[in-house]
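Descriptive structure summary
Listed here are the chains, written in short residue letters.
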Amino acid sequence: MRRFSGDGRLPNFPSSLKSGPRPVYSMANAPERYNPREQEPFWQKVWADNKTFETRNDDPRPPYYVLEMFPYPSGRIHVGHVRNYTLGDVIARFQRAKGKNVLHPMGWDAFGMPAENAAMANKVHPRQWTYDNIAAMRSQLKAIGLSLDWSREFATCDEDYYHRQQMLFIDMMEAGLVTRKVSKVNWDPVDQTVLANEQVIDGRGWRSGALVEQRELTQWFFKITDFAEDLLTAIDGLDEWPDKVRIMQRNWIGRSEGLRVLFEMTDNDAGLETVEIFTTRPDTLFGASFVALSPDHPIAAAIARSDAALAEFIAECHRMGTSAETIETAEKQGYRTALTVKHPVIEGATLPVYVANFVLMDYGTGAIFGCPAHDQRDLDFARKYDLPVIPVVLPPDADPEAFSVGAEAYSGPGVAYNSDFLDGLDIDAAKNAIARHLEARMIGGTPQATRQVNYRLRDWGISRQRYWGCPIPVIHCDTCGIVPVPADLLPVRLPEDVEFDTPGNPLDRHPSFKHTTCPTCGSPARRETDTMDTFVDSSWYFARFTAPRAETPTIPAMADKWLPVDQYIGGVEHAILHLLYSRFFARAMHRTGHMHVTEPFKGMFTQGMVTHETYKDREGRWLAPSEVVLGFAEGQRSATTPGGEPVAIGSVEKMSKSKRNVIDPDDMIATYGADTVRWFVLSDSPPERDVQWTEAGIEGAWRFVQRAHKLVSDARDILALDPVTIAGNPTIGSDLLKAAHKATRQIEADLVGLRFNRAVAQIYEFANAIHKAMPAIAEAPSLDSLAALREAVERFIQFVAPMMPHLAETCWALLGHEHLVCNAPWPEVDPAYLAEDSVVLAVQVNGKRRGEIEMPKDAANDQVEAAALSLDAVARILDGNPPRKVIVVPNRIVNVVA
RNA sequence: GCGGGCGUGGUGGAAUGGUAGACACACAAGACUUAAAAUCUUGAGGCUGUAUAGCCGUGCGGGUUCGAGUCCCGCCGCCCGCACCA
């Protein structure tokens, strides 16, 4: 155990704590109130001066790595951050008490668009803006008293960090994990710039208001799909992740077994012979009524060259954002081409070929067949264009004569009918039968169908046409092609002298950055001006923390020592992308020799979001809650500005800087202290649940801080009394110890299970128990009862310590301890104190509670039954009749069935 | 549109299929005080009732079970994600 000053004595204590023992419960000598403004900075300085939370890699204790998702430096922290970091801090402090060598670092996810937006709006350089924000947020975080190892801090925009990220990129290139391909971006034709999905509002650019177009660019990709199968199957092993996150990841990867099927053209005027579709429901092929191509399908492009109306339809589809949400929520539209195809299994039948806006080019083959009876999208489309709806799957117990599809497609189980040789087969058997049938048929030398495992997961496009990100370390040479920047020329630094007066990528128009020479042949060449998606930055920072100053991206031995992260904590909004990208990166870093583990996060906890109402003024500008005055008018909640201007109350959403619905914790911390705020965010809601922020209740948390302090100082005064007997009242002390050990067990279980709100409730109950016991102990202090009181109060302080660390240190010192409570080992549970000799069982009649009986623990069932039946209430209902049945659940409940 | 989650008193919430509302907030009454704050004590899901007690009650509608907040089916509402917000 580390002492916090050279001679092991307390450093100079804030003066209010120095008064000695006083007579108990005397108003004249009421203990002074706990003053967090004095105590919190004091203990923060003690921790910092003693490097209490700096983690040594050579510490012999077992390692434990707890990490909260690092913040984007938006400028100020909000209560969502406080919740996130407090949760992690409780775990870190608890694991330290359990004897672990805890790594609990902090950094900054510091690249990204807001810095460039600020540069445009306020003429401040993104670097300046970012580092200023970091400084402000760092001091806010420090005021919370988190047990962080600040010596490992870094920001992803530090040259030191993105240098190593460029090294990783080049290693990944060499390992074949990087590729280039064409993909679509949102293009603002007025600002001549690429827009993020977030910047497209109702199909228009947020700044220019111009209608957004889809435009194709050649971009850099990480080949995450190479790991699709492994990323999927390894989810099974992530047994300390929430089920919902595992389900979401599985669905995102979206493995499906399906069939690619060739449809022959009825004539090949255009030189086209077949179109290949992908389907996961080949069993419904007999119900096909059309074929639809993506607007980006090569065949669509080919016919559009001679079909002006189709070209216009495709252009219309491209006047839409690129996000899946936009595409899928748009009204389903199609264009009927002149093409028709032969029905693959119905001789002589043909199907029309449409181009449809809901068919995605990058899923399957970019073409589908539509079976309206059994797919809702196809049904909507068929109703709109008056296409046949032929049911071919009969639901169980349905009458084949009467069954029909109205407004809803039937996608449930059943057997094939109206389907020739498939009739009577269930869905899986029908899929196999049709696959075998088509695989055996040849069209122009190839089988008509091939089975294919398809993934919804796409490769990860990392190119961003922006300044404030990690430069992609590559040079384009006309003779040598794409040349990675050699290691000795890294890092590729972001130039400082950039202008944000015009939209677009400043790197692309920078006088010297773009133009360079080829490192291989020395001829003039162009430097890549795309920077990396900021998700790249956050996909390996957890590994960098294990050796934050290393010359190489990681020191593999250190990464292997600490990883996987034992407990990772963050918002459920990151449940898919960030976690999946990090899992990919772990595999990529494994393959490139930077570490041996392949899963980054052993335990995952998704905290609920902190949400708040949003507000907009007349002009539609977002307003912060602090700029809004709430009231009641005509029986409804209303809002105005302080000047009386009307304000629209919007929906409740997660706190975000862009919507300005954030609550800054500084005022609360200034008023009540960090411990009160920490206690408050932990106490009421289960941490995984979303909470709508309200300050109602913070007063209660504040009162508990004072009550806890008073409890300890009162106890200290009692403990200073001379015992008048040895044993005294025999039950006071033992009851207190029973409560203490029971509380220890419960609180430990709740902390391990991250049920902090329940731990808080347990602490309240235990505090109440001590409070009740104290007057009697003070009245007749005995050796036993005083010892019990000391143990109870010390445990109480230790229970509180992970949650309210400053208060706990003060209280601990108050009892005369010379070492920090944050280094004290977690108390043991003695099972002897947990034994109960009698239990209360509820007695039900027909499932309705009618009374209760107290019985010895583990009493025989027939004794319990007899006791239950002898209850007046039970006898009255039975009215002399024997019970039909009696169910006894040992030590819990008796149910009499009358 | 698709995927995921959530819904319990005035409020936050508790409850391995086994006594619904622990613990707290807010509220009310009382004690202390010239008074207030703070503190302490007590009360409380709703309805009926002096009380014993009875009935109702976990978003809505069904179902399984001796027993359902919990499991199943169908709805409603809200929140998150949908690949260039982080």
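Residues numbered from 1 in each chain as written. Chains lettered and ligands numbered in written order. Predicted model: local features only at pLDDT ≥ 70, side-chain atom pairs only at ≥ 80, totals over all residues. Heavy atoms only, no water.

Quick notes on the environment of Phe-584
Counted only if it meets this: Under the scheme used here, helices are H or I runs from DSSP no shorter than 4 residues and strands are E runs no shorter than 2 residues, and both carry numbers assigned from the N terminus. Burial classification: accessible surface area is computed with a 1.4 Å probe over protein chains only, and a residue below 20% of its type maximum counts as buried, one above 50% as exposed, and the rest as partly exposed. Residues count as neighbours in contact if any of their non-hydrogen atoms are within 4.5 Å of one another.
Within the secondary structure, Phe-584 is located in helix α16 (residues 577–591). Note on Phe-584: relative accessible area 0%, which makes it buried. Residues Phe-584 and Trp-693 lie 109 residues apart in sequence; the distance between their C-alpha atoms is 35 Å. The residues contacting Phe-584, other than those within four sequence positions of it, are Met-172, Phe-222, Lys-223, Ile-224, Phe-227, Leu-231 and Trp-460.

Re the sheet that holds strand β19 (residues 460–461)
Strands pair in a sheet through their backbones, by hydrogen bonds, and they do so in one of two ways: parallel or antiparallel. Quick note on the threshold: The pairing criterion is simple: DSSP has to find at least two bridges between the two strands.
With respect to topology, four strands assemble into an open sheet ordered β4-β3-β7-β19, the strand pairing being antiparallel. Where the open sheet ends on each side, the last strands, each with one partner, are β4 (193–195) and β19. The pairing of strand β7 (residues 213–222) with β19 spans two bridges and is antiparallel. Each bridged residue has a counterpart across the sheet, and for Phe-222 the counterpart in β19 is Trp-460.

Quick notes on the side chain of Gln-165
Along the chain, Gln-165 falls in helix α5 (residues 159–174). In this view, Gln-165 contacts Cys-470, Met-532, Val-536, Asp-537 and Trp-540; residues no more than four positions away in its chain are not counted.

Side note on the packing of aromatic side chains
The condition is simple: The pairing test for Phe, Tyr and Trp rings, Trp by its six-membered ring, is centres within 6.5 Å, and the orientation test on the planes gives stacked under 30 degrees, edge-to-face over 60, and tilted for anything in between.
Inspection of every chain in the model, using the stated rule, returns 46 aromatic pairs. Look at Phe-403 and Tyr-410: their rings are 6.1 Å apart centre to centre, the planes differ by 85°, and that puts the pair in the edge-to-face class. Taking the relative accessible area as the measure of exposure, Phe-403 reaches 18% and is therefore buried. Summarising the aromatic geometry, the rings of Tyr-672 and Trp-702 are spaced 5.8 Å apart at their centres and angled 55° between planes, so their arrangement reads as tilted. In this pair, Tyr-672 is assigned in helix α17 (residues 666–672) and Trp-702 in helix α19 (residues 698–719), connecting sequence segments 30 residues apart. Given the relative accessible area of 12%, Tyr-672 is considered buried.

Points about the sheet that holds strand β26 (residues 567–571)
Note the threshold: Axis geometry follows a simple rule: fit a line to the C-alpha atoms, using only the stretch in contact for helices, then measure angles between N-to-C directions, giving values from 0 to 180 degrees.
Taken in spatial order, the four strands of this open sheet run β2-β1-β26-β27, and their pairing is parallel. The open sheet has two edge strands, β2 (101–103) and β27 (604–607), and neither has a second partner. Each neighbouring strand pair of the sheet contributes to a mean axis angle of 20°, computed without reference to strand direction. Looking at chain direction, strand β1 (residues 63–68) and β2 are connected through three bridges and run parallel. Counterpart to Tyr-65 in the pairing with β2 is Leu-103. Seen against the sheet, helix α2 (residues 79–97) touches β1, β2, β26 and β27 and runs at an angle of roughly 175° to β1.

Overview of the confidence of the model for chain A
Basically, it comes down to this: A residue's pLDDT is the predictor's confidence in that residue, given on a scale from 0 to 100.
Across chain A, pLDDT averages 89, with 95% of residues at or above 70. Segment residues 1–31: pLDDT under 50, and 66 contacts once partners within four positions in sequence are set aside and those in other chains are kept. As scored by the predictor, the complex reaches a pTM of 0.92 and an ipTM of 0.94.

Remarks on the side chain of Gln-567
Within the secondary structure layout, Gln-567 lies in strand β26. Classification of Gln-567 as buried rests on a relative accessible area of 9%. Those residues in contact with Gln-567, other than ones at most four positions away along the chain, are Tyr-64, Tyr-65, Val-66, Leu-67, Ile-91, Gly-603, Met-604, Phe-605 and Leu-754.

A closer look at the protein's contact with RNA strand B
As a reminder, the rule being used: In this text, near means that some heavy atom of the residue lies within 4 Å of the molecule or strand in question. We define a polar contact as two N or O atoms separated by no more than 3.5 Å, with the added condition that, inside protein, one atom must be a possible hydrogen donor and the other a possible acceptor, whereas residues neighbouring each other in sequence contribute only through side-chain atom pairs. Charged residues are taken to be Asp, Glu, Lys and Arg, nonpolar residues to be Ala, Val, Leu, Ile, Met, Phe, Trp, Tyr, Cys and Pro, and polar residues to be all remaining types, Gly included.
Taken together, 72 residues sit near RNA strand B, with Asn-197, Arg-466, Arg-703, Arg-758 and Asn-895 positioned nearest. Across the atoms of RNA strand B situated within 4 Å of the protein, the share located in sugar and phosphate is 63%. Taking Ser-463, its main chain carries an N or O atom lying 3.5 Å from a base nitrogen of RNA strand B. Glu-765 is positioned with one of its side-chain polar atoms (N or O) 3.4 Å from a sugar or linking oxygen of RNA strand B. Looking at the surface near RNA strand B, the element that brings in the most residues is helix α21 (residues 756–779), giving seven residues. Residue composition of the surface near RNA strand B, by class: 25 nonpolar, 21 polar and 26 charged.

Regarding the pattern of salt bridges
The condition that has to hold: Salt bridge, as used here, is a side-chain nitrogen of Lys or Arg placed within 4 Å of a carboxyl oxygen of Asp or Glu.
In the structure shown here, the tally under the stated rule is 48 salt bridges. Two residues, Arg-260 and Glu-276, come together in a salt bridge whose shortest N-O distance is 3.0 Å. In this pair, Arg-260 sits in strand β8 (residues 256–264) while Glu-276 sits in strand β9 (residues 274–279), placing the two residues 16 residues apart along the sequence. On the basis of relative accessibility, which here comes to 24%, the residue Arg-260 falls in the partly exposed class. The salt bridge involving Glu-316 is made with Arg-319; its shortest N-O contact spans 3.2 Å. Given the relative accessible area of 41%, Glu-316 is considered partly exposed. Each of the salt bridges in this network shares a partner with another, and the network as a whole consists of Asp-160, Arg-164, Arg-544 and Glu-551.

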